[in-house]
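What follows is the residue order along each chain.
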Amino acid sequence: MMEELTISKRRIHWQNGLKHLLLILLCVFAIFPIYWMVISSFKGQTEIFNNSLLPSSFSPDNYTYALEHVDILGMTANTFFMAISQAVLQLVTAIMAAYALTRWKFPGSRLIYTLFALTWLVPIQATMIPNYTTLVGMGFRDSIVGVIIPNMASAFAILSLYPAFQSFPKALIEAGMMDKMSAPGVLFKLILPNIKSSIVSLGILLFINSWNEYFWPAMIVSDQGQATLQIGLRSFMSAELTSWGPLMAASVLASLPILVLYLLLQKQVIQSFVKWGIK
Amino acid sequence: MSELALSALPDLSGVSVRQQSATKRILKRITPFLFVAPALILVLFWVYRPLVQTFGLSTQMWNMNPNVEPVSVGLQNFQYIFTHPDFAQAVWNTLLYILLMLPFSVILPMAIAIATNRLGSRAKNIYRAIFFLPMIMPPVACSAVWRWLMHPINGLFNHVLTSMGVVTEGIRFLSDENWVLLSIVLIAGWKMIGFSTLMFSAGLTGIDPSYYEAASVDGHKKWYQTLTITLPLLSPTIMLMLMMSVLMTAQWTFAYIDVLTQGGPAGASTNVYYLLWTYGFKNFNSGLSSAAAVVFFIGFGILALIFTRINRKVAFYDN
């Protein structure tokens, strides 16, 4: 009896060890390129090519070089402006639409829901030429605003918020109406305070998606003064083909705000991605 | 429905109210539309309007210059894409991308999630925080570091491979046509694998442990339990990730292709969406781009329809 118990106990230990090993391997695979990016950014010019896993000394030279040659601060400001405006506008339009669709049944409401739901089948490349010519016609070539304008509403955000709004107790809304609350009043005073966490975590997701957005900025902005980090980094990459150190430093700087956000809100970030999946 | 009836009733029954509230009633009628209007107008204008225009452009020839009128050419654009090898190559590559992506988006994540399920420790959260990280990294920064790792002469991969004696000359991961597609898959897969593992883990936590207890009492072995309990109950997640992989792989690989290879060498790493981009913004041939867009839109639409059908039949939901 005793012997059996220790054997099964040992087997559990052995199995747990294997589980940990598997996850550690996955972690190494995931983290190594990021680690390589960070340590390469601190290596000196002679050291960068010897592929050591740790730099002998942490040199800031690559960072000063990158900051001198590309307007990283300006691009960071542009990217912040783009990501925050997009996330906020998408949240606002999504909150309003999800509220309307869940609170009232009105003629066309099903059709409207279906129109939102089907947008994910329309790839961005199937709309890019008409949208590009429209934006150019509006005079938004080379402008951050031109990137934001087609992204002010996100069907993905609407569909993500829909269940949260739908599960809000109808009785509370009716009670609010008894108190002569207006339609915006019900939204602002009753519903929003109660689904705050859903909104915040969706907002984080929208911000990260927008920060990392590549397609629209690549099409609309080429001008350095209006470039986002993604686009600026791309031109730095093609201009300085072999300056690996400064390129890694610029990459670190372009990822830094996202990394800091992740460090602070890591649980919410993971949750919002798992909950709402990938756009 | 009931709320609408409730809110409409007092207005209709109260005679005194009726006078003052003609405008109020109209306001009430249009309130829902006012709330839904911003999102609806934006989606109609930036998604459905251009989609319809793309259908129109697919039968025209136009170099996207606003001062030049598009010329109607009938089905010539479709004829062109179906008879030229670059279209077939893009479709074939996309198929390869999807197949090679599956180990990263479905197979390995599912295996890892099942193997490490119920690892009840705090370490799990640390693992998650780490292996999820690639998902949120900016794609151009990722491209930069992967290009550095894969550099044919100085990159770490080739350094390790040559010093181990596996190869004598560095592999040109991103410029050798036999390697380039695999390399792009590795980068896109690196981004997805942690996220997919989390999706499968989330699917697993929803499974009621009493099923396993019952099966253990019946004397069923672990692998048999995995086959008869875990996989059927995990089928909604499997179907979701499978569908996402099939429909989105061409999208997930787009940024890496554009930054690292531009579809080359000789089209070896292009895919269907990159082909649209090349037709449109490299060749400035909006007709070809739109015709190909129409074909892929319909093709992927049919695939999505098939998936939802299968999903309804196959996916097993634990009610």
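What counts, and where the lines are drawn
Residues numbered from 1 in each chain as written. Chains lettered and ligands numbered in written order. Predicted model: local features only at pLDDT ≥ 70, side-chain atom pairs only at ≥ 80, totals over all residues. Helix = DSSP H or I, 4+ residues; strand = E, 2+ residues; numbered from the N terminus. Rg over C-alpha atoms; globule rule 2.2 N^0.38 Å. Buried ≥ 20, exposed ≤ 12 C-beta atoms within 10 Å, placed from the backbone. Contact = placed C-beta atoms within 7 Å. Axes fitted to C-alpha atoms, helices over the stretch in contact; angles between N-to-C directions. Parallel < 35°, antiparallel > 145°, perpendicular 65-115°, else oblique. Left-handed = near helix turned anticlockwise from the far one by under 90°. Nonpolar A, V, L, I, M, F, W, Y, C, P; charged D, E, K, R; others polar. Domains from an automatic or database assignment.

### Topic: the overall build of chain A
And step 1. A count of helical and extended segments in chain A gives 13 helices and zero strands.
And step 2. The N-to-C order of helical and strand elements in chain A reads α-α-α-α-α-α-α-α-α-α-α-α-α.
And step 3. Relative to the globule expectation of 19 Å for 279 residues, the C-alpha radius of gyration of chain A, 25 Å, shows a markedly less compact shape.
And step 4. Evaluated residue by residue, chain A yields a buried proportion of 43% over its 279 residues.
And step 5. Of the contacts made within chain A by residues no fewer than 6 positions apart, 76% connect residues no fewer than 24 positions apart.

### Details of the overall build of chain B
And step 1. The secondary structure content of chain B amounts to 14 helices and two strands.
And step 2. Taken over C-alpha atoms, the radius of gyration comes to 27 Å for chain B, far larger than the 20 Å a tight globule of 319 residues would show.
And step 3. Classification of the 319 residues of chain B by burial places 38% in the buried group.
And step 4. In chain B, once contacts between residues fewer than 6 apart in sequence are set aside, the share between residues at least 24 apart is 68%.

### Some words on the packing of helix H13 (residues 244-276) of chain A against helix H7 (residues 139-149) of chain B
And step 1. The contact between H13 of chain A and H7 of chain B brings their axes to 9 Å, and the two run at 150°. It follows from the interaxial angle that H13 of chain A and H7 of chain B lie roughly antiparallel. As for how H13 of chain A packs across H7 of chain B, the hand of that crossing is left-handed. Listed contacts from H7 of chain B to Trp244, Leu247, Met248, Ser251, Ala254 and Ser255 of chain A of H13 of chain A are Ala141, Ala144, Val145 and Trp148 of chain B.
And step 2. Of the residues assigned to the contact of H13 of chain A with H7 of chain B, the class counts are eight nonpolar, two polar and no charged.

### Looking at the interface of chain B and chain A
And step 1. Facing 75 residues of chain B, the contacting portion of chain A comprises 77 residues.
And step 2. Considering each element in turn, the side of chain B that touches chain A owes the most residues, 16 residues, to helix H3 (residues 22-57) of chain B.
And step 3. Its residues placed into classes, the side of chain B that touches chain A shows 57 nonpolar, 15 polar and three charged.

### Regarding the environment of Leu100 of chain B
And step 1. Locating Leu100 of chain B in the fold gives a position in helix H5 (residues 85-115).
And step 2. Considered as a pair, Leu100 of chain B and Met199 of chain B are 99 residues apart in the sequence and their alpha carbons are 19 Å apart.

### Concerning the domain arrangement of chain A
Residues and elements named next belong to chain A.
And step 1. Segmenting chain A into domains produces domain 1 (2-59) and domain 2 (63-276).
And step 2. Using only C-alpha atoms to locate each centre, domain 1 and domain 2 end up separated by 34 Å.
And step 3. With seven residues of domain 1 at the interface, the matching set in domain 2 holds six residues.
And step 4. Of the residues belonging to the side of domain 1 that touches domain 2, the class tally is three nonpolar, three polar and one charged.

### Let's talk about the domain arrangement of chain B
And step 1. In terms of domain boundaries, chain B breaks down into domain 1 (2-57) and domain 2 (77-314).
And step 2. When each unit is reduced to the centre of its C-alpha atoms, the spacing between domain 1 of chain B and domain 2 of chain B is 42 Å.

### Looking at unusual backbone geometry
Generally, phi is negative for residues other than glycine and the peptide bonds are trans, each holding for most cases.
Residues and elements named next belong to chain B.
And step 1. Omega for the bond connecting Gly264 with Pro265 falls within 30 degrees of zero, at -5°, which places this linkage in the cis form.
And step 2. Take Pro265: it is sitting in the loop between helix H12 (254-261) and helix H13 (272-282).
And step 3. Phi angles above zero are rare outside glycine, and Met64 is one such case at about 70°.
And step 4. Along the chain, the position of Met64 falls in the loop between strand E1 (60-61) and strand E2 (71-72).
And step 5. With phi around 50°, Ala266 is a residue other than glycine that occupies positive phi space.
And step 6. Turning to its location among the elements, Ala266 is positioned in the loop between H12 and H13.

### Focus: the environment of Gln90 of chain A
All names here are of chain A.
And step 1. Inspection of the secondary structure puts Gln90 in helix H3 (residues 72-103).
And step 2. Taking the C-alpha atoms as reference points, Gln90 and Tyr162, separated by 72 residues in sequence, lie 14 Å from one another.
And step 3. Filtering out sequence-adjacent residues up to four positions away, Gln90 remains in contact with Met152, Ala153, Ser154, Ala157 and Leu206.

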